[in-house]
Structures are given as C-alpha cells and as structure tokens.
Amino acid sequence: MAPTTTATQRRTEARVAYDAFLKECPTNQLLARISDKWVSLIVAALAESGGPMRYSGLTRKIPGVSQKMLTQTLRSLERDGLVGRTVTAAVPVRVDYELTPLGYNLACLITQVKAWAESHMDDVLAAREHHDNQATAS
C-alpha cells in the first residue's frame, strides 16, 4: 500500500509538473495574463510611481487605456495577488492601488522589457523597413 501524501507534498509535486507550453496548465494562463499589454503598462506604471497610485493617476499615466479595461485589469491583478487595493473612507471615497511584493517581483522583469522596447525601437523599425523592402522586391 502506497503511503499517503500530505497536501504540501501534493502542491510541491504539482509545482514541479507545471508546464507553460501545455494549454491547460495554470502557468500557461498566467503567462497569457502577464504578457497582456495593459498588465505590462499598469505594472510598470505602479513600479515607477514608487508607491500607491489612484485610479485617476493610472489613467493619466496610461492615456490609451479605457475605463473598462483599466478596471478589469486591476481586478485581475488584485485577484492574482500582484496588486493591492486600499479603500479609504472619505468624500469621495479614496482608492489606491499598489504592487504587492509578488507584483514588485514581476515588475523587475516587466520594466526591463519596457526599457528594452524603448531603447531598441529604432532597430526594430529598421528591421521592419528592411523586411518590407525585401518582400516588395520579391
């Protein structure tokens, strides 16, 4: 008879079995979420702020995001434990958003990707132009 495994052992075994290449794996879904454009921009904005930000501050920092998308994304980030939401009783009610320790851990990666994109955009544009010219010449 096989020995009984504890819940901690089962979680450890499941963690080892995570494979983001498998569609049904939770890590695949998490990777899809954190690679979303709005998630990246919100996490970067919160990281760069160095502290809590109000909803209106996020809309000013990320002018292209709709109210609906910002709300949905903040809720999903809160659910995943990446963003904390603090409500302060006032008139009007004050709501602040801040990265959690887990969110700051992710922000280290996202801000590096953002910086890479900003510093290599000219190279990418040149590569696109070269590719398009080659495709036209063919």
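Keep in mind the model is a prediction, meaning the values are calculated, not measured.

Thoughts on the overall build of the chain
So, step 1. Scanning the chain from terminus to terminus reveals six helices and three strands.
So, step 2. The C-alpha atoms of the chain give 20 Å as radius of gyration, which overshoots the globular expectation for 138 residues (14 Å, by more than 25%).
So, step 3. With the C-alpha coordinates aligned to their principal axes, the bounding extent of the chain is approximately 70 × 55 × 25 Å.
So, step 4. For the chain, with 138 residues in total, the buried portion stands at 22%.
So, step 5. By sequence separation, contacts in the chain at least 24 residues apart represent 45% of the contacts at least 6 residues apart.
So, step 6. With the model as given, the accessible surface of the chain reaches about 10,000 Å², and the carbon-plus-sulfur share is 58%.
So, step 7. On the chain, the mean spot of the 16 positive side-chain charges and the mean spot of the 14 negative ones are 11 Å from each other.

Some points on the layout of surface pockets
Using a probe with the size of a water molecule, rolled over the atoms, empty space left in the structure can be pinpointed.
So, step 1. Empty space within the largest pocket amounts to approximately 300 Å³.
So, step 2. Together, 13 residues line the largest pocket, and Ser40, Leu41, Ile110, Val113 and Lys114 are the ones closest to its centre.
So, step 3. Elements represented by at least two residues in the lining of the largest pocket include exactly helix H3 (37-49) and helix H6 (101-137).
So, step 4. Here the lining of the largest pocket is composed, by residue class, of eight nonpolar, two polar and three charged.

Concerning the sheet that holds strand E1 (residues 53-54)
So, step 1. As summarised here, the arrangement of the three strands in space is E1-E3-E2, forming an open sheet in which the pairing is antiparallel. Either end of the sheet is taken by a strand with one partner, and the two such strands are E1 and strand E2 (83-88).
So, step 2. Where E2 meets strand E3 (residues 94-99), six bridges bridge the pair, whose relative direction is antiparallel. Bridge pairing in E3 links Val87 to Val95.
So, step 3. This element, H3, spans E1, E2 and E3 of the sheet and lies at about 95° to E3.

Brief notes about the packing of H3 against helix H5 (residues 67-79)
So, step 1. Between H3 and H5, the shortest axis-to-axis distance is 10 Å and the interhelical angle comes to 75°. Here H3 is positioned roughly perpendicular relative to H5, judged by the angle of their axes. Residues Trp38, Val39, Ile42 and Val43 of H3 form the contact with H5, whose own contacting residues are Met69, Leu70, Thr73, Leu74 and Leu77.
So, step 2. The residue makeup of the contact of H3 with H5, split by class, is eight nonpolar, one polar and no charged.

Looking at H3
So, step 1. Here H3 is 13 residues long and its end C-alpha atoms lie 18 Å apart, about the 18 Å a rise of 1.5 Å per residue gives.
So, step 2. Along H3, the residues that are buried comprise Trp38, Val39, Ile42, Val43, Ala44, Ala45 and Leu46.
So, step 3. For H3, the capping residue at the N-terminal end is Asp36, with a side-chain oxygen 2.9 Å from the backbone nitrogen of Trp38.
So, step 4. Gly50 lies just past H3 and shows a positive phi near 75°.

Here we look at the confidence of the model for the chain
So, step 1. On average, residues of the chain score 91 in pLDDT, and 93% of them are at 70 or above.
So, step 2. Confidence, read as mean pLDDT per element, is least for helix H1 (residues 7-17) in the chain (70) and greatest for H5 (97).

Rules used throughout
Here the residue numbering is sequential within each chain, running from 1 through the sequence in written order. The model is predicted, so local features are restricted to residues of pLDDT at least 70 and side-chain atom pairs to those at 80 or more, both for listing and for counting; the totals for chains, interfaces and linings are taken over all residues. Working from all heavy atoms in the structure, the side-chain values ignore hydrogens and water. Under the scheme used here, helices are H or I runs from DSSP no shorter than 4 residues and strands are E runs no shorter than 2 residues, and both carry numbers assigned from the N terminus. To get the radius of gyration, use the C-alpha atoms; to get the globule rule, take the number of residues to the power 0.38 and multiply by 2.2 Å. With a 1.4 Å probe rolled over the protein chains alone, any residue whose accessible area is under 20% of its type maximum counts as buried; one over 50% counts as exposed, and the rest are partly exposed. By definition in these notes, contact holds between two residues if any of their heavy atoms fall within 4.5 Å. Using a 1.4 Å probe, accessible areas were evaluated by the Shrake-Rupley method; residue-level cover was limited to the displayed protein chains. None of His or the chain ends enter the tally, which takes Lys and Arg as positive and Asp and Glu as negative. In plain terms, the charge of a residue is placed at NZ if it is Lys, CZ if Arg, CG if Asp and CD if Glu. The definitions used throughout rest on a 1 Å grid laid over the protein atoms alone, on which a cavity is an enclosed set of points accommodating a 1.4 Å probe that cannot get out and a pocket is an open set flanked by protein within 12 Å on both sides along at least five of seven lines; lining residues are those having an atom within 4 Å of a point. Grid points are joined across faces, edges and corners, and a volume is the space filled by probe spheres set on the points. Under this grouping Gly is polar, as are all residues other than the nonpolar Ala, Val, Leu, Ile, Met, Phe, Trp, Tyr, Cys and Pro and the charged Asp, Glu, Lys and Arg. Any two strands between which DSSP finds at least two bridges are classified as paired. Here, axes are lines fitted to C-alpha atoms. For helices the fit covers the stretch in contact, and angles between N-to-C directions go from 0 to 180 degrees. We call two directions roughly parallel when the angle between them is under 35 degrees, roughly antiparallel when it is over 145, roughly perpendicular when it lies between 65 and 115, and oblique otherwise. Expected span, for any helix, means 1.5 Å times one less than how many residues it has. Side-chain atoms alone can form a polar contact between residues adjacent in sequence; in general such a contact is a pair of N or O atoms within 3.5 Å, and within protein one must be able to donate a hydrogen while the other accepts it. Along the chain, pLDDT gives the predictor's confidence residue by residue, from 0 to 100.

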